[in-house]
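These are the residues of each chain, in order.
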Amino acid sequence: LEAPVMAAVDLRAVAQQVVAELAPKAIGKQQTLEFEGDASCPIPGNATLLAVLVRNLVDNAVRYSPPSARIKVAVQLQGGHVALIVEDSGPGLDDADSMRLGERFFRVTGSLESGSGLGWSIVRRIAAVHRLDIAVGHSSELGGLAVRVISNKK
């Protein structure tokens, strides 16, 4: 497999575009989809792959959060790192399920949504290629799931 072509990519612009593309799906579920981003958040990467990573995370938030949920996507500079944060007011995940995210074909039980469970596996592979760290936890602001994707220091 050939390594992807890397260049400076503004992660804020990529995330903003993905949020705009997924907004109709969120509106269809009466969800609030918010975006906030610092001026410019460049990281070395492949724009197409980074868009797939962001799309998977935001689509999961929309898909697995209940109607009228709030979903917030933020891209910010944090102490020399670029951080992509996707959080929601959905039910969140317990620690055991959080640990298994990214296992191929793993799906959280009780979900009525269709899917193969490959989205997280893809996210983890794209993150690894870009040397990005992923942390999954609880959203202190919204109460549901919070996913943080952090770049290496510049």
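Chains are numbered independently. Their residues run from 1 in the order of the written sequence. Only residues with pLDDT of 70 or above have their local features reported here, since the model is predicted, and side-chain atom pairs are shown and tallied only from 80 upward, although totals for entire chains, interfaces and linings are computed over all residues. Calculation of side-chain values draws on the structure's entire complement of heavy atoms; hydrogens and water are dropped beforehand.

A. The overall build of the protein, seen in detail. Across its full length, the protein carries four helices and seven strands. By the criteria applied, helices consist of DSSP H or I runs no shorter than four residues and strands consist of E runs no shorter than two, each listed in order from the N terminus. Beginning at the N terminus, the succession of helices and strands in the protein can be written as β-α-β-β-α-β-β-α-α-β-β. The contact criterion used is simple: two residues touch if any of their non-hydrogen atoms lie within 4.5 Å. Taking the intrachain contacts of the protein between residues at least 6 apart in sequence as the baseline, contacts between residues at least 24 apart amount to 69%. In this description, accessible areas are obtained by the Shrake-Rupley approach with a 1.4 Å probe, and a residue is regarded as covered only by the protein chains that are shown. About 8200 Å² of surface is accessible on the protein, with carbon and sulfur atoms providing 55% of the total.

B. Examining the environment of histidine 130 more closely. Assignment of secondary structure puts histidine 130 in the loop between helix H4 (118-129) and strand S6 (133-138). Within polar-contact distance, the side chain of histidine 130 engages the backbone oxygen of isoleucine 126 at 2.9 Å. A 3.5 Å cut-off defines polar contacts: any pair of N or O atoms within that distance qualifies, except that in protein one atom must be a possible hydrogen donor and the other a possible acceptor, and neighbouring residues in sequence count only when both atoms are side-chain atoms.

C. Region of interest: the environment of isoleucine 71. Tracing the backbone shows isoleucine 71 in strand S4 (residues 70-78). Taking the C-alpha atoms as reference, isoleucine 71 lies 9.3 Å from glycine 144; in sequence the two are 73 residues apart.

D. Layout of the nonpolar core. The term nonpolar core refers to a set of buried residues drawn from Ala, Val, Leu, Ile, Met, Phe, Trp, Tyr and Cys, joined through side-chain atoms within 4.5 Å. Accessible area is worked out with a 1.4 Å probe on protein chains only. A residue is then buried under 20% of its type maximum, exposed over 50%, and partly exposed in between. Counting residues in each nonpolar core, the largest one holds 33 residues, and the members touching the most others are Leu11, Leu53, Val54, Leu57, Val58 and Leu84. Of the residues forming this core, the biggest block, eight residues, is contributed by helix H2 (residues 47-64). Those residues in contact with valine 54, other than ones at most four positions away along the chain, are Leu11, Val14, Ala15, Val18 and Leu84.

E. Broad picture of the environment of alanine 83. Within the secondary structure layout, alanine 83 lies in strand S5 (residues 81-88). Taking the C-alpha atoms as reference, alanine 83 lies 5.6 Å from valine 149; in sequence the two are 66 residues apart. With residues up to four places along the chain from it excluded, the contact list for alanine 83 reads Ala74, Val75, Gln76, Gln78, Val149 and Ile150.

F. Seen up close, the pairing of S5. By the criterion of burial, S5 is predominantly enclosed, with seven of the eight residues buried. The criterion for strand pairing is that DSSP finds at least two bridges linking the strands in question. Looking at chain direction, S4 and S5 are connected through eight bridges and run antiparallel. Residue isoleucine 71 lies in a different strand from S5, and its bridge partner there is aspartate 88. Where S5 lies against strand S7 (residues 145-150), five bridges are found, and the strand directions are antiparallel. Looking at the pairing, glutamate 87 lines up with alanine 146 of S7.

G. A look at the sheet that holds S7. Read from one edge to the other, the open sheet built from five strands follows the order S2-S4-S5-S7-S6, with strand pairing classed as mixed. The sheet is open, and its two edges are formed by strand S2 (32-37) and S6, each paired on a single side. For this sheet the average axis-to-axis angle between neighbouring strands, irrespective of direction, equals 15°. Fitted lines through C-alpha atoms give the axes, limited to the stretch in contact for helices. The angle between two N-to-C directions lies from 0 to 180 degrees. The strands that helix H1 (residues 11-28) touches are S2, S4 and S5; relative to S2, the one it contacts most, it runs at about 170°.

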